[in-house]
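Single-letter residue listing:
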Amino acid sequence: MEPRFNKTEELLSSVNGITIEHIDRPDECCGFGGTFCVTDEAVSSKMGQDKVSDYQRHHIEYVVSPDMSCLMHQKGISDKENAGLKFVHVAQVLNNGPF
């Protein structure tokens, strides 16, 4: 078994003022998956809702990812549920924003 490694987390850990929180199932897909969200809309939606619930359970304020499609999918679900989460691409954080 290799030690756990997450490139995005490694990059973010070098940014001052950021606290990295872990959710229960960090490796679970958000459910977008390209055409999957069209062909299996209900499953895709439920997977996204599960991710948003996981963030809420851990009092996450910002969700940072290198994948724009995942961010858009989860933001849509978060907005629909009035979860109040903020979704940011990792490049924005590494470029001194939005904090």
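Preceding this paragraph is the structure being described.
Only a predicted model underlies this, so the values are computations on that prediction, with no experimental measurement involved.

A few words now on the overall build of the chain. The helix and strand tally for the chain stands at five helices and two strands. Counting helices and strands in the order they occur from the N terminus, the chain gives α-α-α-β-α-β-α. Relative to the globule expectation of 13 Å for 99 residues, the C-alpha radius of gyration of the chain, 14 Å, shows essentially globular dimensions. When the backbone C-alpha atoms are referred to their principal axes, the chain occupies close to 40 × 35 × 25 Å. Contacts spanning at least 24 positions in sequence make up 57% of the contacts within the chain whose residues lie at least 6 apart. Averaging the positions of the 9 positive and the 15 negative side-chain charges in the chain gives two centres separated by 3 Å.

This part is about the pattern of salt bridges. Applying the stated criterion to the full structure yields seven salt bridges. Glu9 serves as the salt-bridge partner of Arg4, at 3.2 Å between the closest nitrogen and oxygen. According to the relative accessible area criterion, Glu9 is partly exposed, its value standing at 22%. Among the salt bridges present, the one from Lys75 reaches Asp79, with a minimum N-O distance of 2.6 Å. Highlighted residues: Lys75 and Asp79, both in helix 4 (residues 68-80), separated by four residues, approximately one helical turn. Because the salt bridges share partners, they merge into one network encompassing Asp24, Asp54 and Arg57.

What follows is about the nonpolar core. Ile23, Val52, Tyr55, Ile60, Val63, Leu71, Ile77, Ala83, Leu85 and Phe87 form the largest nonpolar core, which has 10 residues in total. Looking at this core, the elements with two or more residues in it are helix 3 (41-57) and helix 4. Beyond its immediate sequence surroundings of up to four residues, Phe87 is in contact with Tyr55, Val63, Leu71, Gln74, Lys75 and Ser78.

In this section: the side chain of Thr8. Looking at the element boundaries, Thr8 is found in helix 1 (residues 7-12). Thr8 sits in the buried class, given a relative accessible area of 14%.

Turning to helix 3, a few remarks are in order. Across its 17 residues, helix 3 extends 24 Å between first and last C-alpha, which sits within 8% of the 24 Å expected from 1.5 Å per residue. Where helix 3 is concerned, the buried positions are Ser44, Gly48, Lys51, Val52, Asp54 and Tyr55. Across the axial projection of helix 3, the buried residues extend over an arc of 155°, all falling on one side. Looking at the buried residues of helix 3, the elements they touch are helix 2 (36-39), strand 1 (62-65), helix 4 and strand 2 (86-89).

How each quantity is defined
Residues numbered from 1 in each chain as written. Predicted model: local features only at pLDDT ≥ 70, side-chain atom pairs only at ≥ 80, totals over all residues. Heavy atoms only, no water. Helix = DSSP H or I, 4+ residues; strand = E, 2+ residues; numbered from the N terminus. Rg over C-alpha atoms; globule rule 2.2 N^0.38 Å. Contact = heavy atoms within 4.5 Å. Lys, Arg positive; Asp, Glu negative; His and termini not counted. Charge placed at Lys NZ, Arg CZ, Asp CG, Glu CD. Salt bridge = Lys/Arg side-chain N within 4 Å of Asp/Glu carboxyl O. Buried < 20%, exposed > 50% of the residue type's maximum accessible area, 1.4 Å probe, protein only. Core = buried A, V, L, I, M, F, W, Y, C linked by side-chain atoms within 4.5 Å. Expected span 1.5 Å × (residues − 1). Arc of directions from axis to C-beta.

Remember, this is a structural readout, not a statement about activity or role.
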